[in-house]
Amino acid sequence: MGHIASTELPPLAREQPLLELADFDEVVRLYRPRIFRFLMASLGDRDVAESLTQDCFFKAYNARHQFRGDSSLSTWLTRIALNLIRDHLRSRRIRFWQKTRDSALDLVDISDWVPDKRSSPEATCLMQERVKEIWQAVDKLSRQQRTVFVLRFVEEMELSEIADTTGMNTSTVKSHLYRALRIVRERLGGEQ
């Protein structure tokens, strides 16, 4: 899979409490792309991801006084987004799975995942097909495996950050990641 550029934040922006509306506007500007990308990769529905991204920042703003800096802003916001995903899937599980199954890969704009824009049309087409196959395999993972996979390989989080975000211990994160990788590899024909 291609490398997804992440926005580098200055240390103060990463840890700054959400006190003022002006500060919060800056938090939204800095973290919105990451939260949207996480929701998009997790749910595969641009409209739902957009709506849940707005909900995430609305909830964060309303709970800003509860943020004490025990974790990074990114972890706190991702945890809110993860809870929104759980709520969404709980309330719309059947429709969600049918839509995901039917749409195979409306997950992302494939061009964002192709690492080299100078690739030949044939190489680009092959890469797009490969990315599509990977996401079809990821779509078949359990919810926890998919969450850990997306946080590790899309958001490039460390295992300890994933554990903090999901509330799992690190060994459980490793176990879900190992199983997810094994399943994806098997579905891609056993390639390493």
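Note that the structure is a prediction, hence the values are computed from the model and not measured. (Residues numbered from 1 in each chain as written. Predicted model: local features only at pLDDT ≥ 70, side-chain atom pairs only at ≥ 80, totals over all residues. Heavy atoms only, no water.)

> Any chance you could break down the packing of helix H7 (residues 159-166) against helix H8 (residues 170-187) for me, citing the residues and the numbers?
Following both chains from N to C, one finds H7 and H8 inclined at 105 degrees, their axes separated by 9 Å at the closest point. As summarised for this structure, H7 and H8 are arranged roughly perpendicular, according to the angle between their axes. Here Leu159, Ile162, Ala163 and Thr166 of H7 lie close against H8, whose contacting residues are Thr170, Val173, Lys174 and Leu177. Tallied by class, the residues present in the contact of H7 with H8 amount to 5 nonpolar, 2 polar and 1 charged. (Axes fitted to C-alpha atoms, helices over the stretch in contact; angles between N-to-C directions. Helix = DSSP H or I, 4+ residues; strand = E, 2+ residues; numbered from the N terminus. Parallel < 35°, antiparallel > 145°, perpendicular 65-115°, else oblique. Contact = heavy atoms within 4.5 Å. Nonpolar A, V, L, I, M, F, W, Y, C, P; charged D, E, K, R; others polar.)

> Quick one: what's the story with the pattern of salt bridges, residue by residue and with numbers?
Inspection of the entire model under this criterion finds 4 salt bridges. A salt bridge links glutamate 26 to arginine 29; the shortest N-O distance between them is 2.7 Å. Here arginine 29 and glutamate 26 lie together in helix H2 (residues 21-43), a separation of 3 residues that amounts to about one turn. In this structure, glutamate 50 and arginine 32 form a salt bridge, with 1.9 Å as the shortest nitrogen-oxygen distance. (Salt bridge = Lys/Arg side-chain N within 4 Å of Asp/Glu carboxyl O.)

> Summarise the confidence of the model for the protein chain; cite the residues concerned and give the values.
Note: predicted coordinates in regions of low pLDDT should not be interpreted at a detailed level. Counting all residues, the mean pLDDT for the protein chain is 76, and 70% of those residues have values of 70 or more. Long-range and interchain partners of residues 1-20, a stretch whose pLDDT sits below 50, account for 43 contacts in this model, where long-range means more than four residues apart. (pLDDT = per-residue confidence, 0-100.)

> How would you explain the nonpolar core if you had to name every residue and give the values?
Ranked by internal contacts, the top residues of the largest apolar core, which has 49 residues, are Trp76 and Leu77. For this core, the secondary structure elements donating two or more residues are H2, helix H3 (46-62), helix H4 (73-103), helix H5 (121-139), helix H6 (143-153), H7 and H8. By residue number, the principal contributor to this core is H2, which donates 11 residues. (Core = buried A, V, L, I, M, F, W, Y, C linked by side-chain atoms within 4.5 Å. Buried < 20%, exposed > 50% of the residue type's maximum accessible area, 1.4 Å probe, protein only.)

> Give a detailed account of the packing of H6 against H8, specifying residues and quantitative values.
Where H6 contacts H8, the axes come no closer than 8 Å and their chain directions differ by 90 degrees. The pairing of H6 with H8 is recorded here as roughly perpendicular in orientation. Between H6 and H8, the residues in contact are Gln144, Gln145, Val148, Phe149, Arg152 and Phe153 and Val173, His176, Leu177, Arg179, Ala180, Leu181, Ile183 and Val184, respectively. Taken together, the residues of the contact of H6 with H8 sort by class into 9 nonpolar, 3 polar and 2 charged.

> Quick one: what's the story with the side chain of threonine 53, residue by residue and with numbers?
Residue placement: threonine 53 occurs in helix H3. Not counting chain neighbours up to four residues away, the residues in contact with threonine 53 comprise Arg32, Ile35, Phe36 and Leu39.

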